[in-house]
Amino acid sequence: MRRSIVVLFLVVAALAVAACTKKTGYDFPPPPSTSPDESTTVPDFSSVRLAAVPGRTTTTVDNSPGQAHIAGFVVAPQGAVPGASVHVERLVGDTVLAIDVASNPDGSFHVDNVKGGRYRLRAWRMPDLAMTTPQVFFLNGNENKTNVNLQVNQHSGTTVAPAIAPNPPRVGDPANLAVQVTTVVVDQTGIVRATPVVGVQVDLQGSGGWQLQQSSTAFTDGNGEVIWSLTCTAPGNQPLSVAVAGTGYPLNLPPCQEPAAQTFSTSPPDTSPRNTTTTRF
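Residues numbered from 1 in each chain as written. Predicted model: local features only at pLDDT ≥ 70, side-chain atom pairs only at ≥ 80, totals over all residues. Heavy atoms only, no water.

K.L.:
Help me understand the overall build of the protein, please; the structure alone is not making it clear to me.
P.N.:
When you go through the protein residue by residue, the secondary structure sums to one helix and 21 strands. Counting only residues that meet the buried cut, the protein has 26% of its 281 residues in that class. Sequence-distant contacts, at least 24 apart, represent 57% of the contacts inside the protein between residues at least 6 apart. With an accessible surface of roughly 19300 Å², the protein has 55% of that area assigned to carbon and sulfur atoms. (Helix = DSSP H or I, 4+ residues; strand = E, 2+ residues; numbered from the N terminus. Buried < 20%, exposed > 50% of the residue type's maximum accessible area, 1.4 Å probe, protein only. Contact = heavy atoms within 4.5 Å. Areas by Shrake-Rupley, 256 points an atom, 1.4 Å probe, with all protein chains shown as cover.)

Printed below as a string of structure tokens:
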């Protein structure tokens, strides 16, 4: 009996071992293929619209030496101007090539070995002399231009600018006279700068046919201005001036005009509409 039990145990053990040998471990997916026949798809962005970039196309301009020359003088109403700044610009499309030179003791200046083209020149001297309109000309590629005279004018000290409304004033009608007081100086770039003079006393003076509605003395506001209300009493030139810090400035206003003639048409009710009476005043 014991022998049978042992045999049975050995049979069961053998069956268990056989079952275990049929499958070992866990099932894993097969590794990816590395075959060279496989390919990767490239995304197609040809239909994507790109946003525009602000700006403009720039052009490189040749700035090498040329065969043309520019020369002349800087002059003021008082004569030649030494030590003035001369700003020379060569204009090529939207591009500007610039150079600054100084005038000599006799007021002369020169710019040598430049290329031909369109040029713009202006001159100034701090703090009192400047050109408000530049000189523009065309220079040939091998031209020797020696007659460029740059005229500068005085821009300094106190200036008085009047304005009247209506313009011209009409006899018998009220008008407003505004006067602005500024100090003027030429800055380091040749620009004429005007700064309002605030709180200065201004006296209105004149011997013409004007009737003033307030005091003839006023003080400038934050914009350097004073305003008077007045009425012209006679046609023609009626001189007015102002005094600022003891210095007189004529206003040079336009002549006063007679009021426009008025025409009235009346139609008596008992007559035909074609019969009218005209009265001129």
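K.L.:
Quick question: what am I supposed to make of the packing of aromatic side chains here?
P.N.:
Each aromatic ring pair is characterised by the separation of its centres together with the angle its planes make. Scanning all chains against the criterion turns up one aromatic pair. For the ring pair tyrosine 119 and phenylalanine 137, a centre distance of 6.3 Å and an interplane angle of 15 degrees mean the geometry is stacked. Residue tyrosine 119 is located in strand S6 (residues 117-125), and its partner phenylalanine 137 is located in strand S8 (residues 135-139); the two are separated by 18 residues in the primary sequence. By the burial criterion, tyrosine 119 is buried, and phenylalanine 137 matches it. The ring of phenylalanine 137 carries lysine 145 above its face, with NZ or CZ at 5.0 Å from the centroid. (Phe/Tyr/Trp six-rings, centres within 6.5 Å; stacked < 30°, edge-to-face > 60°. Lys NZ or Arg CZ within 6 Å of the ring centre and 35° of its normal.)

K.L.:
In this structure, what is going on with the pairing of S6? I would like to understand it.
P.N.:
The pairing of strand S3 (residues 85-92) with S6 spans seven bridges and is antiparallel. Within S6, the residue paired with serine 85 across the bridge is tryptophan 124. In the sheet, S6 pairs with S8 via five bridges, with the strands oriented antiparallel. Bridge pairing in S8 links tyrosine 119 to phenylalanine 137. As paired elements, S6 and strand S7 (residues 129-130) share two bridges and run antiparallel to each other. Across the sheet, arginine 125 pairs through a bridge with leucine 129, a residue of S7. Hairpin connection, S6 to S7: the antiparallel pair is bridged by three residues. (Pairing = 2+ DSSP bridges.)

K.L.:
So what exactly am I meant to see when it comes to the pattern of salt bridges here?
P.N.:
Two side chains bearing opposite charge may form a pair once their charged atoms approach each other closely. According to the stated counting rule, one finds four salt bridges in the structure shown. In this structure, the salt-bridge partner of aspartate 173 is arginine 170, at a minimum N-O distance of 3.0 Å. Judged by relative accessible area, aspartate 173 falls into the partly exposed class, the value being 28%. Judged by its relative accessible area of 37%, arginine 170 falls in the partly exposed class. Across the pair aspartate 187 and arginine 193 runs a salt bridge, and its minimum N-O distance is 2.9 Å. Aspartate 187 sits in the buried class, given a relative accessible area of 18%. (Salt bridge = Lys/Arg side-chain N within 4 Å of Asp/Glu carboxyl O.)

K.L.:
Sorry, what's going on with unusual backbone geometry here?
P.N.:
Cis rather than trans, the peptide bond between alanine 165 and proline 166 has omega equal to 0 degrees. Geometrically, the link from asparagine 167 to proline 168 is a cis peptide bond, its omega value of 0 degrees lying close to zero. By the secondary structure assignment, proline 168 is in the loop between strand S11 (157-165) and strand S12 (174-186). Residues other than glycine seldom take positive phi values, yet alanine 245 does so here, at roughly 55 degrees. As for its position among the elements, alanine 245 is in the loop between strand S18 (240-244) and strand S19 (247-250). Backbone geometry at asparagine 252 places phi at a positive 55 degrees, although glycine is not the residue there. Position of asparagine 252 among the secondary structure elements: in the loop between S19 and strand S20 (263-266).

K.L.:
Just to check I follow, could you spell out the sheet that holds strand S16 (residues 217-219) for this structure?
P.N.:
Strand-to-strand pairing in sheets goes through backbone hydrogen bonds, with the strands running parallel or antiparallel. Taken in spatial order, the four strands line up as S16-S14-S18-S19 in an open sheet, and their pairing is antiparallel. On the outer flanks of this sheet lie S16 and S19, each paired with one strand and no other. Strand-to-strand twist of the sheet, defined as the mean angle between neighbouring strand axes without regard to direction, takes the value 30 degrees. Judged from the five bridges that link them, strand S14 (residues 201-206) and S18 form a sheet pairing that is antiparallel. By the bridge assignment for S18, glutamine 205 is matched with serine 241. (Axes fitted to C-alpha atoms, helices over the stretch in contact; angles between N-to-C directions.)

K.L.:
Where do I start with the nonpolar core in this structure?
P.N.:
Soluble, globular proteins show a tendency: their nonpolar side chains are buried together. Counting 23 residues, the largest nonpolar core has Leu177, Trp228, Val242 and Leu251 as its most contacted members. Of all the secondary structure elements, the ones that give two or more residues to this core are S11, S12, S14, strand S17 (225-232) and S18. Those residues in contact with leucine 177 that lie beyond four places of it in its chain are Ala163, Ile164, Leu204, Val226, Ile227, Trp228, Leu230, Leu240, Leu251 and Leu253. (Core = buried A, V, L, I, M, F, W, Y, C linked by side-chain atoms within 4.5 Å.)

K.L.:
Explanation requested: the environment of proline 162 in the structure shown.
P.N.:
Assignment of secondary structure puts proline 162 in strand S11. C-alpha separation for the pair proline 162 and proline 250, spaced 88 residues apart in sequence, amounts to 9.4 Å. Dropping the residues within four chain positions of it, proline 162 is found in contact with Ala178, Val179, Leu251 and Leu253.

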